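Structural description and commentary
For reference, the chains in residue letters:
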Amino acid sequence: MNNDFEKRLSSIAESIISSYTGEKTIDEVKAYDHPDKDSVIDIVTKLKKIIFAGYFRNSSYRAYTLRNSVTMLLEDVVYNLTKQIATVYRYLPEYSSDSDTELYDKAQNVTLQFTEKLPKIREYIETDVEAAYEGDPAAFSKDEIVFSYPGLFAILVNRIAHELFLLGVPLIPRIMTEYAHSETGIDIHPGASIGKYFFIDHGTGIVIGETTVIGDNVKIYQGVTLGALSTRGGQQLKSKKRHPTILDNVTIYSGASILGGETVVGKDVVVGGNSFITKSIPDGARVSIKNQELRYNYHSGKSSHQPDFEQDETWFYII
């Protein structure tokens, strides 16, 4: 039995090894290193501690002042992020012939530019915490939001990744947001531009595409998709506006899909649950699918009853 097992296992191993022809994408061995995903996640964790200095204390450092703690964390982030950016710069054709020293210097400069954005990120995140507290009657306190709300974590990671995306850093921003996606079920591309006071309620199943633009004071619920109308063009659509623009003070309820790069949802719009939108919506409109017919089957022996429902005339229908 053991001999037969070893033969079969050996045969399977040989068949796998023989498939390594070097012709497949997944066989490719780069002449340079790949980014270290664990290191990128660790960078996100340390940045969270810097951004929420009052909440996430670093137990590995025996520092008793905020200045010392933040400085040590920042030095760690700069050192490791510079290494990771220098690594991924090899993926860019324009840097393919640069020396390791030249790449490191460029990566360090970009890392410092990124860290200069941290006060801005903190400013925006403060508004996101405020929006979550004011917008969720179930919130016990702002502390509960910071410590436990998946929507806030997904927004935080997006705000970090978006600044790196704007600086032209490849791969790393997407690794960051996909880490948040795996932790929260919320998929926000680092290219998405998001204004202040953004609130994701519940959050699971939300998808926000690369070229989405979101204004201030926007609230979205679980299962919302801000996506492309079609991706049949594949790589030919790269860098084109494929995802919608959501203006200020918009609420989008669960299950709604808003698609297309030319689709603009105006200010102060309310989008009802499960709506499917591919056309622009004027300011102040309320969007809903029409009520489906409801049938009540009473057990008292009475016949089925189909009540009529009157819809508020202020709603704006998308058929």
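Residues numbered from 1 in each chain as written. Predicted model: local features only at pLDDT ≥ 70, side-chain atom pairs only at ≥ 80, totals over all residues. Heavy atoms only, no water.

**A few points about the overall build of the protein chain**
- Per the secondary structure count, the protein chain includes eight helices and 15 strands.
- Buried residues in the protein chain amount to 41% of all 319 residues.
- Accessible surface, the protein chain as shown: approximately 18700 Å² in total, 50% of it carbon and sulfur. (Helix = DSSP H or I, 4+ residues; strand = E, 2+ residues; numbered from the N terminus. Buried < 20%, exposed > 50% of the residue type's maximum accessible area, 1.4 Å probe, protein only. Areas by Shrake-Rupley, 256 points an atom, 1.4 Å probe, with all protein chains shown as cover.)

**Description of the sheet that holds strand β1 (residues 187-188)**
- The strand order across the open sheet formed by five strands is β1-β4-β7-β10-β13, and the pairing between neighbours is parallel. Bordering the open sheet on either side are β1 and β13 (276-277), each of which pairs with just one other strand.
- Judged from the two bridges that link them, strand β4 (residues 207-208) and strand β7 (residues 225-227) form a sheet pairing that is parallel. Of the residues in β7, the one forming a bridge with Val 207 is Thr 225. (Pairing = 2+ DSSP bridges.)

**Notes on a nonpolar patch on the surface**
- The grouping of Ile 12, Ile 16, Ile 17 and Tyr 20 at the surface amounts to a nonpolar patch, some 410 Å² of accessible area in total.
- The exposure class assigned to Tyr 20 is exposed, which follows from its relative accessible area of 55%. (Patch = residues over 30% accessible without salt bridge, like charges linked within 9 Å, V, L, I, M, F, W, Y side chains within 5 Å. Salt bridge = Lys/Arg side-chain N within 4 Å of Asp/Glu carboxyl O.)

**Describing the sheet that holds strand β8 (residues 245-246)**
- Ordered in space as β2-β5-β8-β11, the four strands form an open sheet in which the pairing is parallel. Two strands close off the open sheet at either side, each with one partner strand: β2 (193-194) and β11 (264-265).
- Sheet analysis places β2 next to strand β5 (residues 213-214), joined by two bridges and oriented parallel. Of the residues in β5, the one forming a bridge with Ile 194 is Ile 214.

**A few points about the confidence of the model for the protein chain**
- This prediction gives the protein chain a mean pLDDT of 88; 87% of its residues lie at or above 70.
- Contacts for the low-pLDDT stretch residues 306-311, under 50 throughout, to residues beyond four places or in other chains number 10 contacts. (pLDDT = per-residue confidence, 0-100. Contact = heavy atoms within 4.5 Å.)

**Description of the side chain of Thr 82**
- Inspection of the secondary structure puts Thr 82 in helix α3 (residues 66-88).
- A distance of 3.2 Å separates a polar atom in the side chain of Thr 82 from a polar atom in the side chain of Thr 111.
- When residues no more than four places from it in sequence are discounted, the contact partners of Thr 82 are Val 77, Tyr 104, Ala 107, Gln 108 and Thr 111. (Polar contact = N/O pair within 3.5 Å; in protein donor to acceptor, adjacent residues only side chain to side chain.)

**Here we look at the nonpolar core**
- Met 176 and Ile 252 are the most contacted members of the largest nonpolar core, which totals 73 residues.
- Elements that contribute at least two residues to this core include exactly α2 (37-51), α3, α4 (100-115), α5 (118-135), α6 (142-148), α7 (150-166), α8 (172-184) and β3 (199-201).
- Top contributing element to this core by residue count: α7, with nine residues.
- Discounting chain neighbours no more than four positions away, the residues touching Met 176 are Val 40, Ile 43, Val 44, Val 157, Ile 160, Ala 161 and Leu 164. (Core = buried A, V, L, I, M, F, W, Y, C linked by side-chain atoms within 4.5 Å.)

**Some thoughts on α3**
- With 23 residues, α3 extends 32 Å between its outermost C-alpha atoms, agreeing within 8% with the 33 Å of an ideal straight helix rising 1.5 Å per residue.
- The complete set of buried residues in α3 reads Ser 69, Leu 73, Val 77, Val 78, Asn 80, Leu 81, Thr 82, Gln 84, Ile 85, Ala 86, Thr 87 and Val 88.
- On its buried side, α3 packs onto α2, α4, α7 and α8. (Expected span 1.5 Å × (residues − 1).)

**A closer look at the packing of aromatic side chains**
- Per the counting criterion, the structure on display carries three aromatic pairs.
- On the numbers, 4.9 Å between centres and 20° between planes, the contact of Tyr 221 with Tyr 253 is stacked. A residue pair is termed long-range when its members are at least 10 positions apart, and Tyr 221 in strand β6 (residues 219-221) and Tyr 253 in the loop between β9 (251-252) and β10 (257-259) qualify at 32 residues.
- Using a relative accessible area of 15% as the deciding quantity, one classes Tyr 221 as buried.
- Above the ring of Tyr 124, the side-chain terminus of Lys 120 is found at 5.7 Å from the ring centroid.
- Positioned above the aromatic ring of Tyr 124, the side-chain terminus of Lys 196 is 5.3 Å from the ring centre. (Phe/Tyr/Trp six-rings, centres within 6.5 Å; stacked < 30°, edge-to-face > 60°. Lys NZ or Arg CZ within 6 Å of the ring centre and 35° of its normal.)

**A few points about the packing of α3 against α4**
- It is the contact of α3 with α4, at a shortest axis distance of 8 Å, that shows an interaxial angle of 135°. Judged by the angle between their axes, α3 and α4 are oblique. Between α3 and α4 lies a crossing whose hand is right-handed. When α3 is examined against α4, the residues Leu 74, Val 78, Tyr 79, Leu 81, Thr 82, Lys 83, Ile 85 and Ala 86 are found in contact with a partner set consisting of Leu 103, Tyr 104, Ala 107, Gln 108, Val 110, Thr 111, Leu 112, Phe 114 and Thr 115.
- Taken together, the residues that form the contact of α3 with α4 break down as 12 nonpolar, four polar and one charged. (Axes fitted to C-alpha atoms, helices over the stretch in contact; angles between N-to-C directions. Parallel < 35°, antiparallel > 145°, perpendicular 65-115°, else oblique. Left-handed = near helix turned anticlockwise from the far one by under 90°. Nonpolar A, V, L, I, M, F, W, Y, C, P; charged D, E, K, R; others polar.)

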